[in-house]
Structure formats: structure tokens, C-alpha cells
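# Understanding the architecture of this molecule
Residue-level listing of the chains:
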Amino acid sequence: VGGFGTAIGTPMALIEALVQQTSENLIVVGGIAQTPAFSAGLLQKAQRVKTTFMSGNRILQDLWQNGTLELELIPMGSFVDMIRAAASGVPAFYTPT
């Protein structure tokens, strides 16, 4: 999920179209897991969420605590390296965090 914060640069139309499809078991990756980008509809179709920060997203917190989805909190520097490596086709990388 691109963008920063709640709405700046976030592709909301793309997210809504994804929610409307029958996709299941999604892996959602985003720097800050706040609503509206990380909405209830998207999170209910997610299997795993990778993010650096999840403040104020009660839906995400409840789904994680119920065991409905996996949550991976990643330090920001490692998160950036993870995105860079994936975009370059590098399957794995090491960062001492």
C-alpha cells in the first residue's frame, strides 16, 4: 500500500477495487498501517500484514489478537531494505536489527 499516513498518495481506488474482488489470503505491506488505507474490508481478506507502525488501527489490532491474521512489525530501515530488495529481485537480505 503506497502513500504516507492516512491519505497522502495512497491509492484508495486501487485498494477499494482489490477489496471488491474475491481475493483472499493477501499479504498487505505498508509503511504505516492506519485507516482508511488499511480498512476493515482489506484486513479481513489479509493473511499477513507487514508494517512499521500500527497506531490507532483498532481493527488490525483486534484481528491480530484474535489470531485471524499474522502481524510483522519491522523497523523502518529494515522495511525500506525489504522493499528495495524485493523490487530488485533479491529474494533475501540480512540486516542486524
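The structure displayed is predicted, hence computed values, not measured ones. (Residues numbered from 1 in each chain as written. Predicted model: local features only at pLDDT ≥ 70, side-chain atom pairs only at ≥ 80, totals over all residues. Heavy atoms only, no water.)

## Overview of the confidence of the model for the protein
For the record, the criterion: The predictor rates its confidence in each residue with pLDDT, a number between 0 and 100. A run of H or I in DSSP counts as a helix once it spans at least four residues, and a run of E counts as a strand once it spans at least two, with each numbered from the N terminus.
Of all residues in the protein, 90% have pLDDT values of 70 or greater, and the mean over the chain is 84. Least confident of the elements in the protein is helix H1 (residues 12–20), whose mean pLDDT is 83; most confident is strand S3 (residues 70–73), at 94.

## Concerning the side chain of asparagine 57
The following threshold applies: Residue exposure (1.4 Å probe, protein chains only): buried if accessible area is under 20% of the type maximum, exposed if over 50%, otherwise partly exposed. Here a polar contact is recorded for every N or O atom pair within 3.5 Å, except that within protein the pair must consist of a potential hydrogen donor and a potential acceptor, and residues adjacent in sequence are included only if both atoms are side-chain atoms.
For asparagine 57, the location among the structural elements is in the loop between strand S2 (46–51) and helix H3 (58–65). The exposure class of asparagine 57 is buried, given its relative accessible area of 2%. Of note is the side chain of asparagine 57, whose polar atom sits 3.2 Å from the backbone oxygen of alanine 33.

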